[in-house]
Amino acid sequence: KAEVESVNHVLLWCPFVWRVWADILLWWGSQWVMPATVDGVLQFWAGFSGNSFERNVWNVIPIATLWSIWKHRNEVLFSDRQPDLHGLCDLIKSRTAMWVRAADPKLPFSVIEFLFNLQQIKFCRRGLG
């Protein structure tokens, strides 16, 4: 409640949400300078180059993050829940893993492996996609 609510503030610039994005990018093994707008985030994400597996995961991350932030915000506002940074980050990672697995059920790893060994999976999948 320290800032005027706008789409960009709610989904990117709120200090709580900024920490969510930072955690998700660290999980992926990246860092960035936050774009000023949601459109800028989506443009940044579209510029990723990697093998097909990495691109598939990379494309899911912003959608899972934006969706999860919005849902969490509504739970805090309308269901009197407390903001939970770690719980939200874990939920985003889980959603990403489940959505990637749902898109390609033949992937040779579980959601749990995806959550806790993403860097190893990325390393092993290089050159295969």
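Just above, that's the structure.
Residues numbered from 1 in each chain as written. Predicted model: local features only at pLDDT ≥ 70, side-chain atom pairs only at ≥ 80, totals over all residues. Heavy atoms only, no water.

(A) Up close: the overall build of the protein chain. A tally of regular secondary structure across the protein chain gives seven helices and zero strands. Each helix and strand of the protein chain, placed in order from N terminus to C terminus, yields the pattern α-α-α-α-α-α-α. In summary, the protein chain has a C-alpha radius of gyration of 15 Å against a globular reference of 14 Å for 129 residues, a match within 12%. The C-alpha extent of the protein chain, read off along each of the three principal axes, is 45 × 30 × 20 Å. In the protein chain, which comprises 129 residues, the share counted as buried stands at 40%. Taking all contacts inside the protein chain whose residues are at least 6 apart in sequence as the whole, residues at least 24 apart take part in 60%. Accessible area for the protein chain stands at about 7800 Å²; split by element, carbon and sulfur atoms hold 58% of it. (Helix = DSSP H or I, 4+ residues; strand = E, 2+ residues; numbered from the N terminus. Rg over C-alpha atoms; globule rule 2.2 N^0.38 Å. Buried < 20%, exposed > 50% of the residue type's maximum accessible area, 1.4 Å probe, protein only. Contact = heavy atoms within 4.5 Å. Areas by Shrake-Rupley, 256 points an atom, 1.4 Å probe, with all protein chains shown as cover.)

(B) Representation of the pattern of salt bridges within the structure. In this structure the tally under the stated criterion is three salt bridges. The partner of Arg-73 in a salt bridge is Glu-5, with the nearest N and O atoms 2.5 Å apart. In this pair, Arg-73 sits in helix 4 (residues 52-78) while Glu-5 sits in the segment before helix 1 (7-13), placing the two residues 68 residues apart along the sequence. Classification of Arg-73 by relative accessible area gives buried; the value is 19%. With its nearest N and O atoms 3.5 Å apart, the salt bridge here joins Glu-75 to Arg-81. (Salt bridge = Lys/Arg side-chain N within 4 Å of Asp/Glu carboxyl O.)

(C) Layout of the side chain of His-9. Tracing the sequence through the fold places His-9 in helix 1. A relative accessible area of 14% places His-9 in the buried class. Among all residues touching His-9, those that are not within four sequence positions of it are Glu-3, Val-4 and Cys-14.

(D) The environment of Phe-44, seen in detail. Here Phe-44 shows up in helix 3 (residues 38-46). Separated by twelve residues in the primary sequence, Phe-44 and Trp-32 have C-alpha atoms spaced 9.7 Å apart.

(E) Seen up close, a nonpolar patch on the surface. On the surface, Leu-42, Ile-63, Trp-67, Met-98 and Trp-99 cluster together into a nonpolar patch covering about 490 Å² of accessible area. Of all the elements in the fold, those that place two or more residues in the nonpolar patch are helix 4 and helix 5 (85-103). Tracing the backbone shows Ile-63 in helix 4. (Patch = residues over 30% accessible without salt bridge, like charges linked within 9 Å, V, L, I, M, F, W, Y side chains within 5 Å.)

(F) Examining unusual backbone geometry more closely. Despite not being glycine, Asp-80 shows a phi value in the positive range, around 55°. Along the chain, Asp-80 turns up in the loop between helix 4 and helix 5.

(G) Up close: the packing of helix 4 against helix 5. Relative orientation of the contacting elements helix 4 and helix 5 amounts to 135°, with a least axis distance of 9 Å. For the element pair helix 4 / helix 5, the angle class is oblique. Two packed elements cross with a definite hand, and for helix 4 against helix 5 that hand is right-handed. Each of Asn-56, Val-57, Val-60, Ile-61, Ile-63, Ala-64, Thr-65, Trp-67, Ser-68, Ile-69 and His-72 in helix 4 lies in contact with helix 5, whose residues at this interface are Leu-88, Ile-92, Arg-95, Thr-96, Trp-99 and Val-100. (Axes fitted to C-alpha atoms, helices over the stretch in contact; angles between N-to-C directions. Parallel < 35°, antiparallel > 145°, perpendicular 65-115°, else oblique. Left-handed = near helix turned anticlockwise from the far one by under 90°.)

(H) Up close: the packing of helix 2 (residues 15-28) against helix 5. The interhelical angle for the contact between helix 2 and helix 5, taken along N-to-C directions, is 45°, at an axis separation of 10 Å. Taken as axis vectors, helix 2 and helix 5 run oblique relative to one another. Crossing of helix 2 against helix 5: the hand is right-handed. Between helix 2 and helix 5, the contacting residues are Phe-16, Arg-19, Val-20, Asp-23, Ile-24 and Trp-27 on the first element and Leu-85, Leu-88, Cys-89, Ile-92, Lys-93 and Thr-96 on the second. The residue inventory of the contact of helix 2 with helix 5, partitioned by class, reads eight nonpolar, one polar and three charged. (Nonpolar A, V, L, I, M, F, W, Y, C, P; charged D, E, K, R; others polar.)

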